[in-house]
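Next come the chains, spelled out residue by residue.
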Amino acid sequence: MAIKPILFNTEMVRAILDGRKTCTRRTLKHPFIVHPNGYITKPRGNENLCPYDSPYQRGDILYVRETWKNAPNGYYYYENWQRDDIADVTKWKPSIHMPKEAARIWLKVTNVRVERLQDITADSIRNEGLSSLAVHCGDMEIALKEWENLWNSTIKKSDLDRYGWDANPWVWVIEFERCEKPKEV
């Protein structure tokens, strides 16, 4: 078991806190070869790609990095301020700079697999934290369009041709559950 950071935007932090988000998808960034039989190998050699090549493994503990700031009486989280509609003029720090000791959300990885982005199902879209009426009523066409829009909003414009919805990249599907902060942290 390793303890690793994972970044989520404010909307997805809210979905985790609400209990709506139990998985995330992350693109395979390294060059891999996908064979017609579905095996994925590294470009050199014939070593099959497996969940052990994922940045996260089953059993890993993840601390969520989110937009935050430090104050004299503790840490504040942008998701709380946005949810409670509290006006604020102080500067928030980006999630990438959040230290482990500031984390309030801890996750345990329960499963890791590889699939094409567009192979997502209605249940998977729900598990990603989307909560629209289309998702919950099973209107797959609208739910897929909402998922496509959400996915593309997380990809840099310069990378949309490689990692956007239309590119249908291979992704790690990382399933998780909330857990307590480990005692050794």
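Residues numbered from 1 in each chain as written. Predicted model: local features only at pLDDT ≥ 70, side-chain atom pairs only at ≥ 80, totals over all residues. Heavy atoms only, no water.

**Digging into the sheet that holds strand E1 (residues 3–7)**
Read across the sheet, five strands follow the order E1-E5-E8-E9-E2 without closing on themselves; strand pairing throughout is mixed. Pairing within the sheet leaves two strands with one partner each, and these edge strands are E1 and strand E2 (23–27). Pairwise comparison of adjacent strand axes, ignoring direction, gives a mean angle of 45° for this sheet. With five bridges connecting them, E2 and strand E9 (residues 170–179) associate as antiparallel partners. From the neighbouring strand, Arg25 faces E9, where its bridge partner is Val173. Against the sheet, helix H1 (residues 10–17) engages strand E5 (61–65), strand E8 (106–116) and E9, with an angle of about 45° to E9. (Pairing = 2+ DSSP bridges. Helix = DSSP H or I, 4+ residues; strand = E, 2+ residues; numbered from the N terminus. Axes fitted to C-alpha atoms, helices over the stretch in contact; angles between N-to-C directions. Contact = heavy atoms within 4.5 Å.)

**Remarks on the pairing of E9**
In this sheet, E9 lies alongside E8 in antiparallel orientation, the contact comprising ten bridges. Counted as the bridge partner of Leu107 is Arg178 from E9.

**Topic: the nonpolar core**
Grouped together as the largest cluster of nonpolar side chains are 30 residues, with contacts concentrated most on Phe8, Ile16, Val64, Leu107, Ile125 and Trp147. It is E9 that provides the largest number of residues to this core, a total of five residues. (Core = buried A, V, L, I, M, F, W, Y, C linked by side-chain atoms within 4.5 Å. Buried < 20%, exposed > 50% of the residue type's maximum accessible area, 1.4 Å probe, protein only.)

**Here's the deal with helix H5 (residues 140–153)**
The periodicity of an α-helix, 3.6 residues per turn, causes residues three or four places apart in sequence to face the same way. The end-to-end C-alpha distance of H5 is 20 Å, a good match for the 20 Å that 14 residues give at a rise of 1.5 Å each. Of the residues making up H5, those classed as buried are Ala143, Trp147, Glu148, Leu150 and Trp151. Summarising the contacts, the buried residues of H5 are in contact with H1, E2, helix H3 (122–127), helix H4 (133–137), helix H6 (160–163) and E9. (Expected span 1.5 Å × (residues − 1).)

**What to know about unusual backbone geometry**
Located in the positive-phi region is Asn168, a residue other than glycine, with phi close to 50°. As for its placement among the helices and strands, Asn168 is situated in the loop between H6 and E9.

**Quick look at the side chain of Ser124**
Mapped onto the fold, Ser124 is located in helix H3. Of the polar contacts made by the side chain of Ser124, one reaches the side chain of Thr121; its length is 3.1 Å. Aside from chain neighbours lying at most four places away, what touches Ser124 is Cys23, Arg25 and Arg113. (Polar contact = N/O pair within 3.5 Å; in protein donor to acceptor, adjacent residues only side chain to side chain.)

**A few points about the pattern of salt bridges**
In total, this model carries 13 salt bridges according to the counting rule given. The partner of Arg25 in a salt bridge is Glu128, with the nearest N and O atoms 2.8 Å apart. Residue Arg25 is located in strand E2, and its partner Glu128 is located in the loop between H3 and H4; the two are separated by 103 residues in the primary sequence. The pair Arg25 / Glu128 is uniform in exposure class, with both members buried. The closest approach of N and O atoms between Glu79 and Arg104, which form a salt bridge, is 3.2 Å. You can see Glu79 sitting in helix H2 (residues 78–83) and its partner Arg104 sitting in the loop between H2 and E8, a full 25 residues away along the chain. For Glu79, a relative accessible area of 1% translates into the label buried. (Salt bridge = Lys/Arg side-chain N within 4 Å of Asp/Glu carboxyl O.)

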